[in-house]
Amino acid sequence: MSTVSTIASSRTEPVHSPVSERPVPDVVWSVGAIATLLAVWLAVTSFGLVKPGYLPTPAELGATLVELVRQGYQGIPLWEHIGISLFRTFSGFVLGAVVGVPLGLLTGYSRRAGAMFSPIMAFIRPIPPIAFIPMAVLYFGLGEVGKIVLIFFVSFNYVQANAHAGAVNFPIAWRRAAESLGMTRTQVFVRIMLPGALPAVFTGLKVALALSWAVVVAAELVGAQSGLGFMISDAALLFRIPVVFIGIALIGAIGLALNLALNALESRIVHWKGR
């Protein structure tokens, strides 16, 4: 009798299947990390763990940002400082990409071109761009050309290196298969090798854009009277620490926006990546 009742009860009781745990979305972790950082910042400034002059409170930064938006810095509107820095960055970056991408693809595709240019690039690449600041001032003065040349140097180095890697690592079997179908070297380069090297090219473009945006600060330390780099260095000399923090935050935010824009462009052009 007990056996029958046990069987009956096992039939009537609902069977609970284990519920699979859903992973926490990445955005939750991102928001949580930012919120934690802001909470630590607020706690440090509220309890006076750092001197007020060295680490401003969020309220002080907000008030300073409003003042910069309304009045600008050193008589120049804030949007003009941002626009000038972006102009210098994009000028050097675009020039570096226009020269670096074709040269990198050529040196990776052609052994002769690689033998000619690879030793020169291997010699130039380890030199930090800041080392060229005295030469840029000497040859181009304190105007815009010297700053753009420095950014061009950074962009060209990384774009050329990644484009070269994308071309030289192209599978030789694909090239031979295309040539066996009667395709010329030019057709193989344009229709087969170039699409295969595009992911590496975009990797170089993203690295070059990020570093170009970072180097513009160093370029604007020399004789500049406008731009975010000038604003940061001038505010540091005057001990206007909130302005320094806002300038750094603007550089980070704009750099993030530029990277997201380039990622969106890559997803549209190199839509087969990762598939």
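Please refer to the structure placed before this passage.
Conventions we followed
- Residues numbered from 1 in each chain as written.
- Predicted model: local features only at pLDDT ≥ 70, side-chain atom pairs only at ≥ 80, totals over all residues.
- Heavy atoms only, no water.
- Buried < 20%, exposed > 50% of the residue type's maximum accessible area, 1.4 Å probe, protein only.
- Helix = DSSP H or I, 4+ residues; strand = E, 2+ residues; numbered from the N terminus.
- Contact = heavy atoms within 4.5 Å.
- Salt bridge = Lys/Arg side-chain N within 4 Å of Asp/Glu carboxyl O.
- Phe/Tyr/Trp six-rings, centres within 6.5 Å; stacked < 30°, edge-to-face > 60°.
- Core = buried A, V, L, I, M, F, W, Y, C linked by side-chain atoms within 4.5 Å.

Asker: I'm lost on helix α10 (residues 228-237) in this one. Help?
Answerer: Each turn of an α-helix holds 3.6 residues, which means side chains three or four residues apart point in the same direction. Where burial is concerned, most of α10 is hidden: 7 out of the 10 residues are buried. Inspection of α10 places Leu228, Gly229, Phe230, Met231, Ile232, Asp234 and Ala235 among the buried residues, and these make up the whole buried set. Of the surrounding elements, those touching the buried residues of α10 are α4 (78-109), α9 (185-219) and α11 (241-269). At the exit of α10 stands Phe239, carrying a positive phi of roughly 55 degrees.

Asker: Could you clarify how one ought to interpret the pattern of salt bridges in this entry?
Answerer: Oppositely charged side chains may form a pair once their charged atoms are brought near each other. In total, this model carries 3 salt bridges according to the counting rule given. Note that Glu144 is salt-bridged to Arg88, the shortest N-O span being 2.7 Å. Residue Glu144 is found in helix α7 (residues 144-168), and its partner Arg88 is found in helix α4; the two are separated by 56 residues along the sequence. With a relative accessible area of 35%, Glu144 lands in the partly exposed category. Owing to a relative accessible area of 2%, Arg88 belongs among the buried residues under this scheme.

Asker: I tried to follow the side chain of Ser85 on my own but got confused; where do I start?
Answerer: Checked against the element boundaries, Ser85 lands in helix α4. With residues near it in sequence (within four places) discarded, Ser85 still touches Trp213, Val216, Glu220, Gly227, Leu228 and Gly229.

Asker: Is there a simple way to explain the packing of aromatic side chains in this structure?
Answerer: Note on aromatic pairs: each is described by the distance of the centres and the angle between the planes. Under the counting rule described, the total for this entry stands at 4 aromatic pairs. Ring geometry for Tyr54 and Phe239: centres 5.8 Å apart, planes at 85 degrees, overall edge-to-face. Residue Tyr54 is located in the loop between α2 (26-46) and α3 (58-71), and its partner Phe239 is located in the loop between α10 and α11; the two are separated by 185 residues in the primary sequence. Ring centres 6.4 Å apart and planes at 70 degrees place the aromatic pair Tyr73 and Phe230 in the edge-to-face group. Of this pair, Tyr73 sits in the loop between α3 and α4 while Phe230 sits in helix α10, and the two are 157 residues apart along the sequence. Taking relative accessible area as the criterion, Phe230 reaches 9% and is therefore assigned buried.

Asker: Teacher, can you tell me more about unusual backbone geometry here?
Answerer: Keep in mind that most residues, glycine aside, have a negative phi and that most peptide bonds are trans. Unlike most non-glycine residues, Gln74 shows phi in positive territory, near 55 degrees. Take Gln74: it is sitting in the loop between α3 and α4. Taking the relative accessible area as the measure of exposure, Gln74 reaches 47% and is therefore partly exposed. Residue Phe239 is not a glycine yet carries a positive backbone phi of 55 degrees.

Asker: What is the right way to look at the nonpolar core in this model?
Answerer: Here is a general trend for soluble globular proteins: nonpolar side chains tend to be buried in one another's company. Judged by nonpolar contacts, the single largest core of 46 residues is most densely connected at Tyr73, Leu105, Met193, Leu205, Trp213 and Leu228. Breaking this core down by element, the ones donating at least two residues are α3, α4, α7, α9, α10 and α11. Residue contributions to this core peak at 13 residues, all from α9.

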